[in-house]
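# Structural description and commentary
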Amino acid sequence: MGASKSEFFSEQQNELASLFKAISHPARVAIIEYLLKVDSCICGDIVNELPLAQPTVSQHLKELKNVGIIKGNIEGTAICYCLNPETMKKLENYFSGISNELKSKCC
């Protein structure tokens, strides 16, 4: 995290910040949405779906995989990608907690 003084924040806060940073690009949001529709796919499928070059899609997949948002399994000469349910659950729990807190707040 560089100069952000990440050591002053909890492990959970740092992990969530990394997840949000990875999701913060519209191409990565589109990849996540595509994987939700198809369950799993190979990089070439995503390239056909998005208006991006294959190396660009591969870089976005790498960023999502590095933080654990997606998983990739080798199938022959291709890598089949899918969403990581454990990471999706962490995000769901975080936003559910916020939603529950907001229900008890005034504004």
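Conventions and cut-offs
Residues numbered from 1 in each chain as written. Predicted model: local features only at pLDDT ≥ 70, side-chain atom pairs only at ≥ 80, totals over all residues. Heavy atoms only, no water. Pairing = 2+ DSSP bridges. Helix = DSSP H or I, 4+ residues; strand = E, 2+ residues; numbered from the N terminus. Contact = heavy atoms within 4.5 Å. Axes fitted to C-alpha atoms, helices over the stretch in contact; angles between N-to-C directions. UniProt positions renumbered as here; feature names shortened; annotations may be inferred. Parallel < 35°, antiparallel > 145°, perpendicular 65-115°, else oblique.

What follows is about the sheet that holds strand S3 (residues 78-83). Read across the open sheet, the three strands follow the order S1-S3-S2; overall the sheet is antiparallel. The open sheet is flanked by strand S1 (41-42) and strand S2 (70-75), the only strands paired with a single partner. In this structure, S2 lies alongside S3, joined through six bridges in antiparallel fashion. Looking at S3, one finds that Asn73 is bridged to Cys80. Sheet strands in contact with helix H4 (residues 54-66) are S2 and S3, and its direction is about 115° off that of S2.

Okay, the UniProt feature "domain: HTH arsR-type" (unreviewed entry) in the protein chain next. Following the UniProt record, the feature "domain: HTH arsR-type" (unreviewed entry) maps to residues 8-103 here. Taken as a whole, residues 8-103 contains 68% helix and 15% strand, while its terminal C-alpha atoms sit 29 Å from one another.

Helix-helix packing: each pair is described by the crossing angle between the helix axes and the interaxial distance. Packing of helix H2 (residues 26-38) against H4 leaves a shortest axis separation of 10 Å and a crossing angle of 75°. Comparing their axes, H4 and H2 come out roughly perpendicular. Two secondary-structure elements touch here, H2 through Ala27, Arg28, Ile31 and Ile32 and H4 through His60, Leu61, Glu63 and Leu64.

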